[in-house]
Amino acid sequence: MATSEGDVADQDLVKKYSLLAQLIPNLDRHLAYPLLNFLEDQTPEDEDISHITQMKYALLKETNMFDFVGDLFAQIKGLSERPAEYTKKREATLERREKLEEETEKIQNLLGDAEVINNLRSDKTSNMTFLKDNHGVTPQMVDQLYDFGQFQYACGDYGSASELLYQFRILSTDNDKVNAATWGKLAADILSVNWESALEEVTKLKESIETRLFNNPLAQLQHRTWLLHWSLFPFFNHEPARETLTEMFFSPAYINTIQTSCPWILRYLCAAIITNRNRPSGKSNFVYGNYQKQLKDLVRIVRQEQYEYNDPVTGFVKALLLDFDFEEAQKRLLEADEILRADFFLVASADSFLDAARHLISESYCKIHQRIDIKDLSTRLGLSHAEGEKWIVNLIRDTRVDAKIDYQAGTVLMNHPPVNVYQQVIERTKGGFFRTQVLSQAVGR
């Protein structure tokens, strides 16, 4: 019975802090589907999932995936097979695809010809003139690539959609359609798990938002909000993207967007920064000082936003690094572990987060104590005495703190050197400069 009650409490905690309602409105319908699929997988077998099936149907009914949508409809209505209307829609879709393939066959073949590609330059206008004069290519034929790319995306053929939108973008001079094609290609690359290409598209969109929407602050805010949400896919699935996207999230423009439009993104920023301690396993590409700087910036933002948004993950940061309340931090860490394991983006980082959080607790505990009882610290970390000793040894080695272990007394003696007053002034000045940047941008809008 106790286990059952504990499971119910965990499920209530997960439901309370679920971000599904905040995330889905900022994602494309195809990008939102994996989140619903994950929710269904996480739901206990004895619970009703009809509401998830209805959400899937509402999400995908406007797409061209009529076989799947028809099956969802039949499931909702309790039918043994999908209605005949979906078979008709499927046939009409196949006819439409054949027509689009015929219309774009010529230009696709040209763009697949190495000799033609070698004659193209960076100037799109001169490229169109060359293709028109030598191969009879018209602007309408270029637009058909865009239409076919959209169509293939709606059908769920994301690899083909990505290639078609890329080909369209090479030639088109319609800036609005090129921008839409970039968003479409990003979504297609995410769904086809092409993370390197997706990261390139994120960079392109970031630059486009800064330049193309320069005179429209409201549109900039909306597009940055979308980009933050879409970036979560490569952020937590592609290790090389972590550094680039962390910098983007911490930039003044995007911190302002998080504070103004989507404070729940702080959960993901907290998880990313805390788990950064564990990457990579060697120290060759990992600068511990940079990690400490990111932590300081994170603490500052969590402190500023604690009244706007709070969950066990941000609560752990606040309890440990702002309030130095170790008991509250331990409680929040247990809750955060449950939250991460039920979060689509963070489930794969749950173990890494727990390990890095324990290191943070150890480091903070060591900083404010002169003599540390190994048994007491082990208890706070949920470790045995032997595991606690090993943990302390690794901590001293990794962070290079000045400490000695007295195995007979079961204690650790910490040597805390005085902090240089000039370094304190420099750190406080950095913090003031960051806050001034964010404030001036907010006032300027």
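Residues numbered from 1 in each chain as written. Predicted model: local features only at pLDDT ≥ 70, side-chain atom pairs only at ≥ 80, totals over all residues. Heavy atoms only, no water.

**Student:** Just checking my understanding: could you explain the packing of helix α18 (residues 312-322) against helix α19 (residues 326-341) for this structure?
**Tutor:** The geometry of a pair of packed helices is captured by two quantities: the angle between their axes and the separation between those axes. Packing of α18 against α19 brings their axes to within 8 Å, and their N-to-C directions diverge by 160 degrees. Relative to α19, α18 is oriented roughly antiparallel. Where α18 crosses over α19, the handedness of that crossing is left-handed. Residue-level contacts link P312, V313, G315, F316, A319 and L320 of α18 to F326, E328, A329, R332, L333, E335, A336, I339 and L340 of α19. (Axes fitted to C-alpha atoms, helices over the stretch in contact; angles between N-to-C directions. Helix = DSSP H or I, 4+ residues; strand = E, 2+ residues; numbered from the N terminus. Parallel < 35°, antiparallel > 145°, perpendicular 65-115°, else oblique. Left-handed = near helix turned anticlockwise from the far one by under 90°. Contact = heavy atoms within 4.5 Å.)

**Student:** It is not clear to me how the packing of helix α13 (residues 217-235) against helix α14 (residues 241-250) should be interpreted in this structure. Could you clarify?
**Tutor:** Interaxial distance between α13 and α14 falls to 10 Å at its minimum, and their mutual angle equals 160 degrees. One element, α13, and the other, α14, form an angle in the roughly antiparallel class. Our pair here, α13 against α14, has a crossing hand that is left-handed. On α14, the residues that touch L227, L228, S231, L232, P234 and F235 of α13 are A241, R242, L245, T246, M248 and F249. Partitioning the contact of α13 with α14 into residue classes produces nine nonpolar, two polar and one charged. (Nonpolar A, V, L, I, M, F, W, Y, C, P; charged D, E, K, R; others polar.)

**Student:** Is there a simple way to explain the packing of aromatic side chains in this structure?
**Tutor:** Summed over all chains, the structure comprises 16 aromatic pairs. Ring geometry for Y33 and F68: centres 5.7 Å apart, planes at 85 degrees, overall edge-to-face. With a gap of 35 residues between them, Y33 in helix α3 (residues 29-42) and F68 in helix α5 (residues 66-77) connect regions that are remote in the sequence. For the ring pair F233 and F345, a centre distance of 4.9 Å and an interplane angle of 80 degrees mean the geometry is edge-to-face. Within this pair, whereas F233 is found in helix α13, its partner F345 is found in the loop between α19 and α20 (350-368), the two being separated by 112 residues in sequence. According to the relative accessible area criterion, F233 is buried, its value standing at 3%. Its relative accessible area of 4% is what places F345 among the buried residues. Three or more aromatic residues joined by ring pairs form one cluster here, namely F38, F233, F235, F236, F249, Y268, F344 and F345. (Phe/Tyr/Trp six-rings, centres within 6.5 Å; stacked < 30°, edge-to-face > 60°. Buried < 20%, exposed > 50% of the residue type's maximum accessible area, 1.4 Å probe, protein only.)

**Student:** I tried to follow the nonpolar core on my own but got confused; where do I start?
**Tutor:** In terms of nonpolar packing, the biggest core is built from 97 residues, with L227, Y268, L298, F316, V317 and F353 touching the most fellow members. Those residues in contact with V317 that lie beyond four places of it in its chain are C270, I274, L298, V299, V302 and L322. (Core = buried A, V, L, I, M, F, W, Y, C linked by side-chain atoms within 4.5 Å.)

**Student:** I would appreciate a short explanation of a negative patch on the surface in the present structure.
**Tutor:** Together, E91, E95, E98, E101, E102 and E105 line one region of the surface with negative charge. Checked against the element boundaries, E98 lands in helix α6 (residues 84-111). (Patch = residues over 30% accessible without salt bridge, like charges linked within 9 Å, V, L, I, M, F, W, Y side chains within 5 Å. Areas by Shrake-Rupley, 256 points an atom, 1.4 Å probe, with all protein chains shown as cover. Salt bridge = Lys/Arg side-chain N within 4 Å of Asp/Glu carboxyl O. Lys, Arg positive; Asp, Glu negative; His and termini not counted. Charge placed at Lys NZ, Arg CZ, Asp CG, Glu CD.)

**Student:** Help me understand helix α11 (residues 175-191), please; the structure alone is not making it clear to me.
**Tutor:** Because an α-helix packs 3.6 residues into every turn, residues spaced three or four apart end up facing the same way. Taking 1.5 Å per residue as the helical rise, α11 with its 17 residues ought to reach 24 Å, and the 24 Å between its terminal C-alpha atoms agrees with that figure. Burial runs high along α11: 12 of the 17 residues are buried. Of all the residues in α11, the buried ones are V178, N179, A181, T182, W183, G184, K185, L186, A187, A188, D189 and I190. Against the buried residues of α11 lie α3, α8 (124-135), α9 (139-155), α10 (158-171), α12 (195-212) and α13. N-cap assignment for α11: the residue whose side-chain oxygen lies 3.2 Å from the backbone N of D176 is D174. Two residues or fewer past α11, V193 is found with a positive phi of approximately 60 degrees. (Expected span 1.5 Å × (residues − 1). Polar contact = N/O pair within 3.5 Å; in protein donor to acceptor, adjacent residues only side chain to side chain.)

**Student:** Help me understand α5, please; the structure alone is not making it clear to me.
**Tutor:** Relative to the 16 Å expected for 12 residues at 1.5 Å per residue, α5 spans 16 Å between its end C-alpha atoms, a close match to the ideal helical length. Restricting attention to buried positions, one finds in α5 the residues F66, V69, G70, L72, F73 and A74. Against the buried residues of α5 lie α4 (50-60) and α6. Two residues or fewer past α5, G78 is found with a positive phi of approximately 70 degrees.

**Student:** What should I look at first to understand the environment of V299 in this one?
**Tutor:** Within the secondary structure, V299 sits in helix α17 (residues 288-305). V299 has contacts with V317, L321 and L322, leaving out every residue within four places of it along the chain.

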